[in-house]
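Topology and contacts: notes
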Amino acid sequence: MLVLAHISDLHLDGTERATERAERVRDRLWELPGRVDALLVTGDIADHGTEAEYEEAARVLGLRDGAAPFPVLTCPGNHDSRAPYRKALLGEPAADGPVNSVHVFDDAAVLMCDSSIPGRDEGEFDEETYAWIEATLDELNGDLPTLLAFHHPPVALHHPLPDAYQLRGPRSLAALLERRPEVAGLITGHAHTPAATSFAGRPLVVGPGVTWTLRLPWEGEGAADRDAPPGFAFHVLDDEGRLTSHFRVA
């Protein structure tokens, strides 16, 4: 059984408000008394994609001092910038290619995939990322149930803001999933609202936002509810390959 914590859309920008909300969620997760195998952070970690914002994110997420009690796995969103992200958050050489990574656990694997398009708000998996996903799944030999985590949901969520900037080319992703029964589910962010649906026959879970919560059309005017508490999720991939998600606020 794999237990994952999940946060998204921190939008760290150097302000006291953004930092306090991110640290509030961080503290809740760091203080958990029970087992969590990893923390997923699905994009829009920084608000402007600057090195200073990623240096703050590295501090908040314990990526420099080893303070995190479990591995912290990240992928970029549309507000992120790949070269500063690599340099200041990951401690790697700056480069502009997609930021993809695989993480193998005892009973499952997680692929953190880059759905960002530099300079654009909508998302897309480019040819390099699709090839990487296929090659990585080949290397895993179909032996482990695998989760794909990325920023942009590939389906409409029934609000005009995220629906205008979702993952482009969803048919290509659906075709990949048809070939890959080992993919047990998809985990995304971007929409600032906790949501659960399906895509190509797989569960699709959207994590809540840390910085603000999306107000749905029937909840009132204005998209951003900045007074709602920051949210996070727990995802459990059990021994039968079933994905179950729980949502919390801090």
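Description of the structure in this document. No experiment lies behind these values; they were computed from the predicted model shown. (Residues numbered from 1 in each chain as written. Predicted model: local features only at pLDDT ≥ 70, side-chain atom pairs only at ≥ 80, totals over all residues. Heavy atoms only, no water.)

1. Overview of the sheet that holds strand β9 (residues 202-206)
Two pairing modes exist for strands in a sheet, parallel and antiparallel, and in both the strands are linked by backbone hydrogen bonds. Quick reminder of the rule: DSSP calls a pair of strands paired once it identifies at least 2 bridges connecting them. For the purposes of this entry, the term helix denotes a DSSP run of H or I that reaches at least four residues, the term strand denotes a run of E that reaches at least two, and both are numbered from the N terminus. All axes are obtained by fitting lines to C-alpha atoms, using only the stretch in contact for helices, and the reported angles, taken between N-to-C directions, cover 0 to 180 degrees. Between two residues, a contact is recorded if the distance between any of their heavy atoms is within 4.5 Å.
Across the sheet, six strands lie side by side as β4-β5-β6-β7-β9-β8; this open sheet has mixed pairing. A strand with exactly one partner marks an edge of an open sheet, and here the two such strands are β4 (101-104) and β8 (195-199). Taking each pair of neighbouring strands and ignoring which way they run, the sheet shows an average axis angle of 20°. The sheet contact formed by strand β6 (residues 146-149) and strand β7 (residues 183-188) spans four bridges and is parallel. Counterpart to Ala 149 in the pairing with β7 is Ile 187. Packed on one face of the sheet, helix α4 (residues 127-140) meets β4, β5 (109-112), β6 and β7 and runs near 165° to β5. Sheet strands in contact with helix α6 (residues 170-179) are β6, β7, β8 and β9, and its direction is about 70° off that of β8.

2. Some words on the sheet that holds strand β3 (residues 72-75)
Read across the sheet, five strands follow the order β3-β2-β1-β12-β13 without closing on themselves; strand pairing throughout is mixed. Each having just a single partner strand, β3 and β13 (243-249) make up the two edges of the open sheet. On average, each strand axis in the sheet is inclined to that of its neighbour by 25°, with strand direction left out of account. Here four bridges tie strand β1 (residues 2-7) to strand β2 (residues 38-42), and the two strands are oriented parallel to one another. Each bridged residue has a counterpart across the sheet, and for Leu 4 the counterpart in β2 is Ala 38. Across the sheet, helix α1 (residues 16-30) touches β1, β2, β3, β12 (231-237) and β13, and the angle it forms with β12 is around 35°.

3. Thoughts on the nonpolar core
For clarity, the threshold we go by: We call a set of buried residues a nonpolar core when its members are Ala, Val, Leu, Ile, Met, Phe, Trp, Tyr or Cys and they connect through side-chain atoms within 4.5 Å of each other. Type-normalised accessible area, obtained with a 1.4 Å probe on protein chains alone, sets the label of each residue: buried when under 20%, exposed when over 50%, and partly exposed for intermediate values.
With 30 residues, the main nonpolar core has Ile 7, Leu 29, Leu 39 and Val 41 as its most contacted residues. Among the elements of the structure, β1, α1, β2, α2 (51-60), α3 (82-90) and β12 are those that each provide at least two residues to this core. Leu 29 has contacts with Ala 5, Ile 7, Leu 39, Phe 70, Phe 232 and Phe 234, leaving out every residue within four places of it along the chain. Membership of the second largest hydrophobic core comes to 25 residues, among which are Leu 144, Leu 167, Leu 176 and Val 206.

4. Thoughts on α1
Basically, it comes down to this: For a helix, the expected span equals 1.5 Å multiplied by the number of residues minus one. The directions considered for the arc are those from the helix axis to the C-beta atoms.
Its 15 residues place the ends of α1 20 Å apart at the C-alpha level, agreeing with the 21 Å of an ideal helix rising 1.5 Å per residue. Taken together, the buried positions of α1 are occupied by Ala 18, Thr 19, Arg 21, Ala 22, Val 25, Arg 26 and Leu 29. Along the axis of α1, the buried positions cluster into a sector of 165°, meaning they face one direction only. Lining the buried residues of α1 we find β1, β2, α2 and β12.

5. Re the pattern of salt bridges
Defined as follows: Only one rule defines a salt bridge in this text: a Lys or Arg side-chain nitrogen within 4 Å of an Asp or Glu carboxyl oxygen.
Scanning the model with the defined rule gives 18 salt bridges in all. Close ionic contact of Arg 82 with Asp 114 constitutes a salt bridge, the shortest N to O distance being 3.0 Å. Note that Arg 82 is positioned in helix α3 and Asp 114 in the loop between β5 and α4, a separation of 32 residues in sequence. Residues Glu 134 and Arg 179 are paired through a salt bridge, measuring 2.2 Å at the closest nitrogen-oxygen approach. Taken together, the residues span a long stretch of sequence, with Glu 134 in helix α4 and Arg 179 in helix α6 at a distance of 45 residues. Here Arg 179 falls in the partly exposed class, since its relative accessible area comes to 48%.

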